[in-house]
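Architecture and fold: a report
For reference, the chains in residue letters:
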Amino acid sequence: MESAFYMRRTQTSDTTHLPVVPLKTAVKDNSDEVKYHRQFHVMAKPGGAKCNIDCQYCFYLHKEGLLHQPKQPKMDDETLERFIKSYIESQDGEQITFSWQGGEPTLLGLDYYKKVVALQKRYQPEGVQINNDLQTNGLLLNDAWCAFLKEHQFLVGLSIDGPRELHDKYRVTNSGKPTFDLVMKAAQNLRKHQVPFNALTVVNRLNAKHPLEVYRFLTQELGASYIQFTPCVEAKDFKSTAPQFWNESMRPKLGSELSKPGHPMSVVTDWSVDPDDWGNFLKVVFEEWINNDLGKVLVNLFETALAQTMGMPSQLCVTAEFCGKALAIEHDGSVYSCDHFVYPEYKIGNINDKQLNNMAFSIRQEAFGMSKRDSLPDYCLECKHLKLCWGECPKNRIIKTPSGDIGLNYLCSGLQDFFDYASPILVGLAKVIEQNQSAPTKR
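This structure is a prediction, so every number in the text was calculated from the model and none was measured.

**What about the environment of Lys 236?**
- In this structure, Lys 236 sits in the loop between β8 (226-231) and α8 (275-293).
- Its relative accessible area of 39% is what places Lys 236 among the partly exposed residues.
- Each C-alpha atom, one on Lys 236 and one on Pro 261, is 9.7 Å from the other, the two residues being 25 residues apart in sequence.
- Side-chain polar atoms of Lys 236 contact the backbone oxygen of Ser 266, separated by 3.5 Å.

Put into structure tokens, the structure is as follows:
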């Protein structure tokens, strides 16, 4: 049996494909000399929050007003070159990955990304591979786009939330029209041009209630072999209030009606996933995956849970002990601690004034990353699943523990339910993989 754990490049909205560790990654070369790679990742948003669809649950569209963006935001040529040069110079690994997001990044046009590729080649060090990820809603992916993506080996993350009736609930055009057929056409074009793509699925209040329908559509109809599930969790005041700047006295306790969507005084938006539905969604999909698709389909949350069960680092920032190594850069060169923390309170500099590595490894950013672990309440520290979860994403820590301590993750009940179910299976699978890896090779 082959190991089911084989991560590959993937673009994300709130995760990173680099193992997340504090400050430096220790490695040994052939001489056993310990070397340290200073690694971090940047989510680039050169077109700002501008988008050609109007997803009701989008956590980024409101940045147009919050950050006072122009009507047509665009990272200018000088800032773009400075970003690419600084990002390359700040990395010391054998591979460097650029992730292009938005808003909708393809609105900048194909010529813009031809310029991106040319600048990357100009500053590419000898012996270093440069990769590109593009997260898109797919509406503009015609033959010309797909030919370019294939030629330059872009990995595409295609946003799709399930079959037609589930996808079109929240993902509509600016005029309110459905987008499902347009996304499926994009998938067809990507396959025609043999462009690898991953399915990026936001699990919201509606589609969370249809786990098998969503999963089987993605694997059997869309044909996705890598799926990133992202739970939709948005504090009701997310458009105006930065994470961790909430009025703590207004935070409900775990299990309260106010800690779930649907209540008029709920702490979250109506389209946020119910935490218990999230746990059930993961359990049902995990059972389907483990029985039918293990080793064939990669699901981000399951792959990293298996890796962590085997004692490896988390492959996702949300389940890592620390964070702070997935920064975001806006169209004007402003750099933020994370793309879910693009608020004035979390701006750490501007590429036009500072080098990226100086911002990524600053005392302020280190404190941001370390606080993911250091701010956990005792309720989390005493949890048997701590090392699989680490309190999940800090932006979701919007409720209180049963004893009234602040800083508990909104998804806690669902995550506990899922890990209670999946952990024994993950332990068994890990043992099988480890036995096979240590068994002598037959000749």
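**Things to note about the environment of Glu 165**
- Secondary-structure assignment places Glu 165 in helix α5 (residues 164-170).
- Put simply, Glu 165 and Val 214 are 49 residues apart on the chain and 11 Å apart in space, counted from C-alpha to C-alpha.
- When near neighbours in sequence (up to four residues on either side) are disregarded, Glu 165 contacts Leu 206 and Glu 213.

**Concerning the packing of α8 against helix α9 (residues 300-309)**
- Orientation of α8 relative to α9, taken along the N-to-C sense of each, is 80°, at an axis distance of 10 Å. The orientation of α8 relative to α9 falls into the category roughly perpendicular. On α9, the residues touching Trp 278, Leu 282, Val 285, Phe 286 and Trp 289 of α8 are Leu 301, Phe 302 and Glu 303.
- Of the residues in the contact of α8 with α9, the class split is seven nonpolar, no polar and one charged.

**Quick word on the packing of α9 against helix α14 (residues 412-438)**
- Direction vectors running N to C along α9 and α14 enclose 65°, while the axes themselves pass 9 Å from each other. Here α9 runs over α14; the crossing is right-handed. The segment α9 lies against α14, with Phe 302, Ala 305, Leu 306 and Thr 309 engaging Phe 418, Leu 426, Val 427, Leu 429, Ala 430 and Ile 433.
- Partitioned by chemical class, the residues of the contact of α9 with α14 number nine nonpolar, one polar and no charged.

**Comments concerning the packing of aromatic side chains**
- Inspection of every chain in the model, using the stated rule, returns 28 aromatic pairs.
- Among the aromatic side chains, those forming a connected cluster through ring pairs are Phe 40, Phe 83, Tyr 87, Phe 98, Trp 100, Tyr 112, Tyr 113, Trp 145, Phe 148, Phe 154 and Phe 361.
- Taking the ring centre of Tyr 60 as reference, the NZ or CZ of Lys 45 above it sits at 4.3 Å.
- The ring of Tyr 60 carries Lys 63 above its face, with NZ or CZ at 5.8 Å from the centroid.

**Looking at the nonpolar core**
- Core analysis: the largest hydrophobic core is formed by 103 residues, its most contacted members being Phe 83, Trp 100, Leu 149, Phe 229 and Trp 278.
- Looking at which element gives the most residues to this core, the answer is α14, with nine residues.
- Setting aside residues up to four positions removed in sequence, Trp 278 forms contacts with Val 203, Phe 229, Pro 231, Val 273, Leu 301, Leu 411 and Leu 415.
- In this structure, Cys 51, Tyr 57, Val 202 and Cys 323 belong to the second largest nonpolar core, which totals 17 residues.

**Observations regarding the environment of Pro 344**
- Residue position: Pro 344 is located in the loop between β11 (334-336) and β12 (347-350).
- For the pair Pro 344 and Gln 69, spaced 275 residues apart in sequence, the C-alpha separation works out to 13 Å.
- Residue contacts for Pro 344: discarding those within four places in its chain leaves Leu 66 and Leu 67.

**A look at the sheet that holds strand β10 (residues 326-329)**
- Pairing is mixed across the open sheet formed by ten strands, whose spatial order is β9-β8-β7-β6-β5-β4-β3-β10-β11-β12. Both outer strands of the open sheet, β9 (298-299) and β12, are each paired with one neighbouring strand and no more.
- In terms of strand pairing, strand β5 (residues 129-136) meets strand β6 (residues 154-159) through five bridges, oriented parallel. The partner of Asn 132 across the bridge, within β6, is Phe 154.

**Quick word on the state of the cysteines**
- On inspection of all chains with the given rule, the structure shows zero disulfides.
- There is no disulfide at Cys 232, and the cysteine sulfur nearest it, in Cys 58, is 9.7 Å away.
- For Cys 232, a relative accessible area of 4% translates into the label buried.
- Here Cys 389 is not disulfide-linked; the sulfur of Cys 380 is the nearest cysteine sulfur, at 6.7 Å.
- Overall, Cys 389 belongs to the buried group, its relative accessible area being 15%.

**A look at the pairing of β10**
- Burial of β10 is two-sided: the residues Ala 326 and Ala 328 facing one way and the residues Leu 327 and Ile 329 facing the other way are all buried.
- When strand β3 (residues 41-44) meets β10, the two strands line up parallel, connected through four bridges. Across the sheet, Ala 44 pairs through a bridge with Ile 329, a residue of β10.
- Relative to β11, β10 is paired through two bridges, and the arrangement is antiparallel. The residue bridging Ile 329 from the neighbouring strand is Val 335, located in β11.

**A closer look at the pattern of salt bridges**
- Throughout the structure, instances matching the rule amount to 16 salt bridges.
- Two residues, Glu 288 and Arg 216, come together in a salt bridge whose shortest N-O distance is 3.1 Å. Taken together, the residues Glu 288 in helix α8 and Arg 216 in helix α7 (residues 211-221) connect sequence positions 72 residues apart.
- What makes Glu 288 buried here is its relative accessible area of 11%.
- Here Asp 420 ties to Lys 384 by a salt bridge, and the two come within 3.6 Å at their closest N and O atoms. Taken as a pair, Asp 420 in helix α14 and Lys 384 in the loop between α12 (378-381) and α13 (386-389) lie far apart in primary sequence, 36 residues in all.
- When its relative accessible area of 41% is taken as the criterion, Asp 420 is described as partly exposed.

Cut-offs used in this document
Residues numbered from 1 in each chain as written. Predicted model: local features only at pLDDT ≥ 70, side-chain atom pairs only at ≥ 80, totals over all residues. Heavy atoms only, no water. Helix = DSSP H or I, 4+ residues; strand = E, 2+ residues; numbered from the N terminus. Buried < 20%, exposed > 50% of the residue type's maximum accessible area, 1.4 Å probe, protein only. Polar contact = N/O pair within 3.5 Å; in protein donor to acceptor, adjacent residues only side chain to side chain. Contact = heavy atoms within 4.5 Å. Axes fitted to C-alpha atoms, helices over the stretch in contact; angles between N-to-C directions. Parallel < 35°, antiparallel > 145°, perpendicular 65-115°, else oblique. Nonpolar A, V, L, I, M, F, W, Y, C, P; charged D, E, K, R; others polar. Left-handed = near helix turned anticlockwise from the far one by under 90°. Phe/Tyr/Trp six-rings, centres within 6.5 Å; stacked < 30°, edge-to-face > 60°. Lys NZ or Arg CZ within 6 Å of the ring centre and 35° of its normal. Core = buried A, V, L, I, M, F, W, Y, C linked by side-chain atoms within 4.5 Å. Pairing = 2+ DSSP bridges. Disulfide = S-S within 2.5 Å. Salt bridge = Lys/Arg side-chain N within 4 Å of Asp/Glu carboxyl O.

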